[in-house]
Amino acid sequence: SMGIPLEKNYLVISRKPTNERINILAQVKNKIVKIATEHNIKIMKTEIGNRMAYEESTTMGLNVKEYKRYKPQAAKAADEMSTLVEEIKLICNMGK
């Protein structure tokens with residue numbers, strides 16, 4: 001088998017501004033939802049912030065969960081990735 005056939009396409013919002021005063025996502029989110037709905041794309045609940053930890057970890061050859069051991073400030077990024085993985089697992093389990 002080539003894997004689990006999924007009935008929908010999925011979209012992850014990434015590089016979301018982490019500064020609450022930067023409101024650009026809120027300005028375009030309604031458009032994103034409208035277009036996603038029109039094209040049968042499900043927007044995942046997990047959103048990935050625009051965090052330095054992602055860039056820093058890759059320059060060290062680590063994922064953010066590994067990087068968190070060296071830089072505790074990377075905890076939010078590591079949590080985002082863990083949450084995303086769990087959400088993907090749930091989607092895949094629903095396809096069984």
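Note that the structure is a prediction, hence the values are computed from the model and not measured.

A word on helix α4 (residues 75-94). The first and last C-alpha atoms of α4 sit 29 Å apart over 20 residues, in line with the 28 Å expected at 1.5 Å per residue. Those residues of α4 that sit buried are A77, A78, E80, L84, E87 and I91.

Right, let's get into the pairing of strand β1 (residues 9-16). Consecutive side chains along a regular strand alternate between the two faces of the sheet. With five bridges joining them, β1 and strand β2 (residues 41-49) adopt parallel strand pairing. Bridging across to β2, I13 finds its partner in E47. In this fold, the crossover linking β1 to β2 by way of helix α1 (residues 24-38) has right-handed handedness.

One can find P72 in the loop between α3 (64-67) and α4. Owing to a relative accessible area of 57%, P72 belongs among the exposed residues under this scheme. Between the alpha carbons of P72 and A26 there is a distance of 29 Å; along the sequence they are 46 residues apart.

With that settled, the discussion passes to the pattern of salt bridges. Summed over the entire model, instances satisfying the criterion amount to six salt bridges. Put simply, K16 and E47 hold a salt bridge, and the shortest N to O gap is 2.6 Å. Residue K16 is located in strand β1, and its partner E47 is located in strand β2; the two are separated by 31 residues in the primary sequence. Among the ionic pairs, E56 bridges to K71, the shortest N-O distance being 3.0 Å. Here the residue E56 occupies a position in helix α2 (residues 52-59), and K71 occupies one in the loop between α3 and α4, the gap between them amounting to 15 residues. For K71, a relative accessible area of 27% translates into the label partly exposed.

Basis of the calculations
- Residues numbered from 1 in each chain as written.
- Predicted model: local features only at pLDDT ≥ 70, side-chain atom pairs only at ≥ 80, totals over all residues.
- Heavy atoms only, no water.
- Helix = DSSP H or I, 4+ residues; strand = E, 2+ residues; numbered from the N terminus.
- Expected span 1.5 Å × (residues − 1).
- Buried < 20%, exposed > 50% of the residue type's maximum accessible area, 1.4 Å probe, protein only.
- Pairing = 2+ DSSP bridges.
- Right-handed = clockwise from strand over helix to strand, strands pointing away.
- Salt bridge = Lys/Arg side-chain N within 4 Å of Asp/Glu carboxyl O.

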